[in-house]
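# Breakdown of the fold
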Amino acid sequence: MDDRRKVALITGVTGQDGAYLAELLLEKGYVVHGMKRRSSSFNTGRIEDIYQDPHEAERRFHLHYGDMTDATNLIRIVQETQPDEIYNLAAQSHVQVSFETPEYTANADGIGTLRLLEAIRILGMEKKTRFYQASTSELYGLVQEVPQRETTPFYPRSPYGAAKLYAYWIVVNYREAYGMYACNGILFNHESPLRGETFVTRKITRAAAAIKLGRQDRLYLGNLDAKRDWGHAREYVRGMWMMLQQDEPEDFVLATGETTEVRDFVRWAFEDAGIMLDFRGEGVDEKAYCRETGKCIVEVDPRYFRPTEVELLLGDPAKAHQKLGWRHETSVRELAREMVEADLRTMRDAPIANGD
Ligand code: NDP
Ligand code: GDR
């Protein structure tokens, strides 16, 4: 039975997108292999629902230990799993953290992508295996054109963006040099209740829930003026799969075509938690107060400012609409509500850990 099923390998399966993609591919009948890092504590919380006991006879979901910085182990995993499709989602994906760990970020996100492509080539699988690369709207960085589309020039503004720029071009090069079916999905920000706790949307929705439940007093944030094109992760992983089902490999932007200030996301998330906010002041002096109690709830802390910032992201998903038939469905307003409701539910049942 398994012989006729498609086989996928997902790096970064324990992350937000990895979890949604694994779920989607299992629904589609794939055998799914996921690569996870060894960690001193459990890091498989997001894939608990699809985890299958290794003793199950009809198992279609398998986990392998691996790391993007370890070439021999990538070669072994690709050889053992013989995937029809590889989704390279593994990355040190936090932009601000990349300023503190630039070399590691370049190694995992940039050279890691090369290692995986080389694994395919060394094993002679260029014609068998299709490759998806998790490229990013961070490539656009300093605004060159709005809205940003596949042809917009890149100008990355962080070690993360620069590492992903290398990955983008090495994917294009391997496609052209070796005829590989390899695609870049240039994805704008996508969020969900599974979003990492230190990305701004989830940091905000968790804080809104915690403050509502009386477990936290204040939320400290950085640049409230930044604008992002935020969509729902579940819908974006569907686009990744679609990119690998075309006749010819191409690069695609996935975005909603709408942009929102961080400040507005804060306002909506707190509103969904039942707290109306008034913003006063500007820049580092900006604060938000609870309309009902007059208490200061949100404060700007310059330690969250980035040495170089990406001020405005707004994507043009026209090519994905036309060629893939992909469209986003959830609005950013609905996304905020879903995330706050999920955080309220989880927090009512469990204690919270601090984090920034
Ligand atoms: P997450 O940070 O949630 O997940 C990243 C995954 O990569 C985790 O499984 C993580 O493992 C794994 N990972 C990190 N470093 C390594 C390494 N050295 N070796 C092996 N695995 C590693 O990211 P998302 O799911 O949000 O994003 C998926 C991909 O898409 C990333 O490449 C990201 O840069 C890119 N992207 C994301 C966008 C978004 O808005 N979410 C937009 C555009 C691109 P662990 O769980 O152990 O930390
Ligand atoms: P981003 O996401 O950098 O766009 O990268 P993030 O949510 O971290 O930041 C979005 C914007 O919010 C501003 N901001 C803050 N950000 C964080 N994390 N914490 C804060 O306290 C805070 N205050 C304001 C940021 O300055 C920024 O302007 C995400 C990641 O998923 C990348 O991997 C992916 O490639 C891009 O999205 C597309």
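Per an unreviewed UniProt entry, the protein is named GDP-mannose 4,6-dehydratase, and its organism is Croceicoccus ponticola. Among the UniProt annotations of the protein, the heading Sequence similarities (unreviewed entry) holds the following wording: "Belongs to the NAD(P)-dependent epimerase/dehydratase family. GDP-mannose 4,6-dehydratase subfamily." Quoted verbatim from the Cofactor (unreviewed entry) field of UniProt, the annotation for the protein is "NADP(+)".

### Some thoughts on the overall build of the protein
Counting secondary structure elements, the protein contains 10 helices and 15 strands. Computed over its C-alpha atoms, the radius of gyration of the protein comes to 21 Å, within 12% of the 21 Å expected for a compact globule of 356 residues. Projected onto the principal axes, the alpha-carbon positions of the protein cover approximately 65 × 50 × 40 Å. Burial analysis of the protein (356 residues in total) assigns 45% to the buried set. Put simply, of all contacts in the protein between residues at least 6 apart along the chain, 76% involve residues at least 24 apart.

### Brief notes about the environment of Phe-270
Along the chain, the position of Phe-270 falls in helix α8 (residues 262-272). Placed 20 residues apart in sequence, Phe-270 and Cys-290 show a C-alpha to C-alpha distance of 9.4 Å. Beyond its immediate stretch of four places on either side in the chain, Phe-270 contacts Ala-208, Ile-275 and Leu-277.

### Let's talk about the site of ligand 1
As a matter of local geometry, ligand 1 sits amid 25 residues, with Gly-12, Gly-15, Ala-90, Ala-91 and Ala-134 nearest to it. Those elements that provide at least two residues to the shell around ligand 1 are α1 (16-27) and β5 (130-136). For the shell around ligand 1, the element with the highest residue contribution is α1, accounting for 3 residues. Here the residues of the shell around ligand 1 are counted per class, giving 7 nonpolar, 15 polar and 3 charged.

### Section: the site of ligand 2
The immediate surroundings of ligand 2 are formed by 21 residues, with Ser-93, Thr-136, Val-200, Gly-222 and Ala-226 found nearest. Those elements that provide at least two residues to the shell around ligand 2 are α3 (95-100) and α6 (200-212). Split into classes, the residues belonging to the shell around ligand 2 amount to 8 nonpolar, 8 polar and 5 charged. The two domains that each donate at least three residues to the shell around ligand 2 are domain 1 (2-187) and domain 2 (200-228 + 260-311 + 331-349).

### A short note on the environment of Ala-108
Mapped onto the elements, Ala-108 comes out in helix α4 (residues 102-122). Overall, Ala-108 belongs to the buried group, with 20 C-beta atoms counted inside 10 Å. In this structure, the C-alpha to C-alpha distance between Ala-108 and His-62, residues 46 residues apart in sequence, is 22 Å. Those residues within four positions of Ala-108 in sequence are excluded, and the remaining contacts are Met-68, Thr-69, Ala-91 and Gln-92.

### Some thoughts on the pairing of strand β2 (residues 31-36)
Buried residues dominate β2, accounting for 6 of its 6 residues. The alternating pattern of β2 places Val-31, His-33 and Met-35 on one face and Val-32, Gly-34 and Lys-36 on the opposite face, and all of these are buried. Sheet analysis places strand β1 (residues 7-11) next to β2, joined by 5 bridges and oriented parallel. Bridging across to β2, Thr-11 finds its partner in Met-35. Once the chain exits β1 it traverses α1 before rejoining the sheet at β2, and the crossover so formed is right-handed. When β2 meets strand β3 (residues 61-65), the two strands line up parallel, connected through 5 bridges. Bridge pairing in β3 places Lys-36 opposite Tyr-65.

### Some details on the domain arrangement of the protein
Domain assignment breaks the protein into domain 1 (2-187) and domain 2 (200-228 + 260-311 + 331-349). Summarising the inter-unit geometry, the C-alpha centres of domain 1 and domain 2 are found 31 Å apart. Listed by partner, the interface residues are 8 residues for domain 1 and 6 residues for domain 2.

### Observations regarding the sheet that holds strand β13 (residues 277-280)
Taken in spatial order, the 4 strands of this open sheet run β8-β15-β14-β13, and their pairing is mixed. One side of each edge strand has no neighbouring strand; the edge strands of this open sheet are β8 (219-221) and β13. Neighbouring strand axes in the sheet, compared pairwise and without regard to direction, differ in orientation by 20° on average. Strand direction decides the pairing type here: β8 and strand β15 (residues 296-300), joined by 3 bridges, are parallel. Looking at the pairing, Leu-219 lines up with Val-298 of β15. Packing against the sheet, α8 makes contact with β13, β14 (287-290) and β15, and its axis sits at approximately 155° to β13.

### Looking at the sheet that holds strand β11 (residues 252-254)
Whether parallel or antiparallel, the strands of a sheet pair through hydrogen bonds between backbone atoms. On the basis of which strands lie adjacent, the open sheet formed by 7 strands has the order β3-β2-β1-β4-β5-β6-β11 and parallel pairing. Two strands lie at the open edges of the sheet, namely β3 and β11, each paired on one side alone. Here the average twist between neighbouring strands, direction ignored, is 20°. Pairing geometry for strand β4 (residues 85-88) and β5, over 4 bridges, is parallel. Considered in β5, the bridge of Tyr-87 is made with Tyr-132. Against the sheet, helix α5 (residues 159-178) engages β5 and β6 (182-187), with an angle of about 150° to β5. Where helix α7 (residues 233-243) meets the sheet, it contacts β4, β5, β6 and β11, and its direction lies at approximately 155° from that of β6.

Reading guide: rules and limits
Residues numbered from 1 in each chain as written. Chains lettered and ligands numbered in written order. Predicted model: local features only at pLDDT ≥ 70, side-chain atom pairs only at ≥ 80, totals over all residues. UniProt positions renumbered as here; feature names shortened; annotations may be inferred. Helix = DSSP H or I, 4+ residues; strand = E, 2+ residues; numbered from the N terminus. Rg over C-alpha atoms; globule rule 2.2 N^0.38 Å. Buried ≥ 20, exposed ≤ 12 C-beta atoms within 10 Å, placed from the backbone. Contact = placed C-beta atoms within 7 Å. Near = placed C-beta within 6 Å. Nonpolar A, V, L, I, M, F, W, Y, C, P; charged D, E, K, R; others polar. Domains from an automatic or database assignment. Pairing = 2+ DSSP bridges. Right-handed = clockwise from strand over helix to strand, strands pointing away. Axes fitted to C-alpha atoms, helices over the stretch in contact; angles between N-to-C directions.

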